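Listed below, chain by chain, are the residues.
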Amino acid sequence: MLLVLVRAFEDVLFYNPYLVFFENDYLYIDSPRREVAKLIFFTSLRYLINTLLSLAIIYCAFQD
């Protein structure tokens, strides 16, 4: 459930200018302005959160 919440609120929680860009007619408009360091930080944070939640699920499912 927590992984679904991370996915559902990713546009609010994380900086990613490409979310809106690819929802629109991206073939005919320029690539959005982006802050590379901020984009890398928030992408890494999202992957870290997903990894920790996945490991917690695996731990709970297979603990003795």
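Residues numbered from 1 in each chain as written. Predicted model: local features only at pLDDT ≥ 70, side-chain atom pairs only at ≥ 80, totals over all residues. Heavy atoms only, no water.

A. Here's a closer look at the overall build of the chain. Secondary structure assignment for the chain yields four helices and zero strands. Counting from the amino terminus, helix and strand elements in the chain follow one another as α-α-α-α. Relative to its 64 residues, the chain shows a buried fraction of 16%. Counting only carbon and sulfur atoms, one obtains 65% of the accessible surface of the chain, whose full area is about 5,600 Å². (Helix = DSSP H or I, 4+ residues; strand = E, 2+ residues; numbered from the N terminus. Buried < 20%, exposed > 50% of the residue type's maximum accessible area, 1.4 Å probe, protein only. Areas by Shrake-Rupley, 256 points an atom, 1.4 Å probe, with all protein chains shown as cover.)

B. View of helix H4 (residues 36-62). In a regular helix each residue adds 1.5 Å, so 27 residues correspond to 39 Å; H4 covers 39 Å between its end C-alpha atoms and thus fits that length. Three or more residues of H4 are buried, namely Leu39, Phe42, Arg46 and Leu53. (Expected span 1.5 Å × (residues − 1).)

C. A look at the packing of aromatic side chains. Taken as a whole, this structure holds one aromatic pair when the rule is applied. Aromatic side chains Phe41 and Phe42 sit 5.3 Å apart centroid to centroid with 75 degrees between the ring planes, which places their arrangement in the edge-to-face category. Above the plane of the ring of Tyr47 lies Arg46, whose end atom (NZ or CZ) is 5.7 Å from the centre. (Phe/Tyr/Trp six-rings, centres within 6.5 Å; stacked < 30°, edge-to-face > 60°. Lys NZ or Arg CZ within 6 Å of the ring centre and 35° of its normal.)

D. Representation of a nonpolar patch on the surface within the structure. A contiguous nonpolar surface patch, about 760 Å² in accessible area, is contributed by Met1, Leu2, Val4, Leu5, Phe9, Val12 and Leu13. Listed by contribution, the elements that provide at least two residues to the nonpolar patch are helix H1 (2-8) and helix H2 (10-13). The element best represented in the nonpolar patch is H1, accounting for three residues. Among the secondary structure elements, Val4 is positioned in helix H1. Residue classification places Val4 among the exposed residues on the basis of a relative accessible area of 53%. (Patch = residues over 30% accessible without salt bridge, like charges linked within 9 Å, V, L, I, M, F, W, Y side chains within 5 Å. Salt bridge = Lys/Arg side-chain N within 4 Å of Asp/Glu carboxyl O.)

E. Up close: the confidence of the model for the chain. Within the chain, residue pLDDT values average 81, and 83% of them lie at 70 or more. Mean pLDDT across the elements of the chain bottoms out in helix H3 (residues 18-23) (69) and peaks in H4 (90). (pLDDT = per-residue confidence, 0-100.)

F. Layout of the side chain of Arg46. Here Arg46 is to be found in helix H4. Excluding residues within four positions of it along the chain, Arg46 makes contact with Glu10, Phe14 and Asn16. (Contact = heavy atoms within 4.5 Å.)

G. Quick look at the environment of Phe42. Its place among the elements puts Phe42 in helix H4. Measuring from C-alpha to C-alpha, the distance between Phe42 and Asn16 comes to 7.8 Å, with 26 residues separating the pair along the chain. Residues in contact with Phe42, not counting those within four places in the same chain, are Leu13, Phe14 and Tyr15.

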